[in-house]
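# Examination of the molecular architecture
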Amino acid sequence: MEAAARVIARRGVRGLRVEELAAEAGVSTALIYYHFKDRAGILRSTLEFINDRAERYTTEREPDAPPLDARGELEQTLLLEFQDTPEVRENSTAWGELRASAVFDPDLREDLARATLVWVQEVAELLGRVRPMNGAAALAASAERLTALLEGLSVRWLSGSLPLEHARELMAGAIDGELERLRG
């Protein structure tokens, strides 16, 4: 799955060739087809892998680190999407490539819509821990705005249009703004 994320980040979904994926992974093309059945299976599994990896790098903490409060957990979850590491760059680029390709691929669009909904729900839950008196609709709307902004800022950062620190500052300001909006 790491090889699939790398190839998609480098070549895009339309540039994904099973032969290149097999070479990148160090396995045969027959094994790829055996395990994933078809291209849609590769994309679906890669999307799951990207989501799992993002969850890991946005929630992992040192074992001896003090626990975060609800706001700290929300900030960590969103701001750790802006790390200048190969893993985060690859993950964010592959996510963007999958999102762009979903415009033309109804099956991928459905898978991506489900993954996005889960992400929005997770952020809404974190927002609800910070602002527990808000209704589900208000929390979901705030989560939708934050996740959409994160994706846009990520694309600008990855493409060199926005410095990393500025992307983080803009995201932190948006978190403050949404929490203030929810305070109402």
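This one's a predicted model, so the numbers in the text were calculated from it and none came from an experiment.

## Observations regarding the overall build of the protein chain
- Along its length, the protein chain carries nine helices and zero strands.
- Seen in sequence order, the protein chain has helices and strands lined up from the N terminus as α-α-α-α-α-α-α-α-α.
- For the protein chain, whose C-alpha radius of gyration is 18 Å, the value lies close to the compact-globule estimate of 16 Å for 184 residues.
- Considered along the principal axes of its C-alpha atoms, the protein chain spans approximately 55 × 35 × 35 Å.
- Buried residues in the protein chain amount to 41% of all 184 residues.

## Focus on unusual backbone geometry
- Positive phi outside glycine occurs at K37, with the angle close to 70°.
- Locating K37 in the fold gives a position in the loop between helix 3 (29-36) and helix 4 (39-59).
- The class of K37 is exposed, set by a relative accessible area of 60%.

## Some words on a nonpolar patch on the surface
- A cluster of nonpolar side chains, contributed by V27, L31 and Y34, occupies part of the molecular surface with about 310 Å² of accessible area.
- Examined against the element boundaries, Y34 turns out to sit in helix 3.

## Here's the deal with the packing of helix 8 (residues 136-158) against helix 9 (residues 164-183)
- For the pair helix 8 and helix 9, interaxial distance at closest approach is 10 Å and the crossing angle is 170°. By the criterion of interaxial angle, the relationship of helix 8 to helix 9 is roughly antiparallel. Residues A138, L139, S142, R145, L146, L149, L150, L153 and W157 of helix 8 lie in contact with helix 9, whose contacting residues are L164, A167, L170, M171, A174, I175, E178, R181 and L182.
- Looking at the contact of helix 8 with helix 9, its residues break down into 14 nonpolar, one polar and three charged.

## Some words on the packing of helix 6 (residues 86-102) against helix 8
- In contact at an axis separation of 10 Å, helix 6 and helix 8 are set at 115° when each is read in the N-to-C sense. In the crossing of helix 6 with helix 8, the sense of the turn from one axis to the other is left-handed. Only E151, S154, W157 and L158 of helix 8 make contact with helix 6, whose side of the interface consists of V88, R89, S92, T93, W95 and R99.
- For the contact of helix 6 with helix 8, the per-class residue count stands at four nonpolar, three polar and three charged.

## Re the UniProt feature "DNA-binding region" (unreviewed entry) in the protein chain
- The sites that UniProt annotates as "DNA-binding region" (unreviewed entry) are residues 17-36.
- Taken end to end, residues 17-36 is 80% helix and 0% strand, and its first and last C-alpha atoms sit 14 Å apart.

## A short note on helix 5 (residues 70-79)
- Among the residues of helix 5, G72, L74, Q76, T77, L78 and L79 are the ones counted as buried.
- Tucked inside the fold, the buried residues of helix 5 contact helix 4, helix 7 (106-130), helix 8 and helix 9.

## Quick look at the nonpolar core
- Core analysis: the largest hydrophobic core is formed by 28 residues, its most contacted members being L74, L127 and M171.
- Where this core is concerned, the elements lending two or more residues are helix 4, helix 5, helix 7, helix 8 and helix 9.
- Once residues lying within four places of it in the same chain are set aside, the contact partners of M171 are L78, L79, F82, L146, L149, L150 and L153.

## Observations concerning the side chain of R131
- With respect to the helices and strands, the residue R131 is situated in the loop between helix 7 and helix 8.
- Buried and without a salt bridge, R131 has E180 as its closest oppositely charged side chain, separated by 5.1 Å.

Scoring rules and cut-offs
- Residues numbered from 1 in each chain as written.
- Predicted model: local features only at pLDDT ≥ 70, side-chain atom pairs only at ≥ 80, totals over all residues.
- Heavy atoms only, no water.
- Helix = DSSP H or I, 4+ residues; strand = E, 2+ residues; numbered from the N terminus.
- Rg over C-alpha atoms; globule rule 2.2 N^0.38 Å.
- Buried < 20%, exposed > 50% of the residue type's maximum accessible area, 1.4 Å probe, protein only.
- Patch = residues over 30% accessible without salt bridge, like charges linked within 9 Å, V, L, I, M, F, W, Y side chains within 5 Å.
- Areas by Shrake-Rupley, 256 points an atom, 1.4 Å probe, with all protein chains shown as cover.
- Salt bridge = Lys/Arg side-chain N within 4 Å of Asp/Glu carboxyl O.
- Axes fitted to C-alpha atoms, helices over the stretch in contact; angles between N-to-C directions.
- Parallel < 35°, antiparallel > 145°, perpendicular 65-115°, else oblique.
- Contact = heavy atoms within 4.5 Å.
- Nonpolar A, V, L, I, M, F, W, Y, C, P; charged D, E, K, R; others polar.
- Left-handed = near helix turned anticlockwise from the far one by under 90°.
- UniProt positions renumbered as here; feature names shortened; annotations may be inferred.
- Core = buried A, V, L, I, M, F, W, Y, C linked by side-chain atoms within 4.5 Å.
- Lys, Arg positive; Asp, Glu negative; His and termini not counted.

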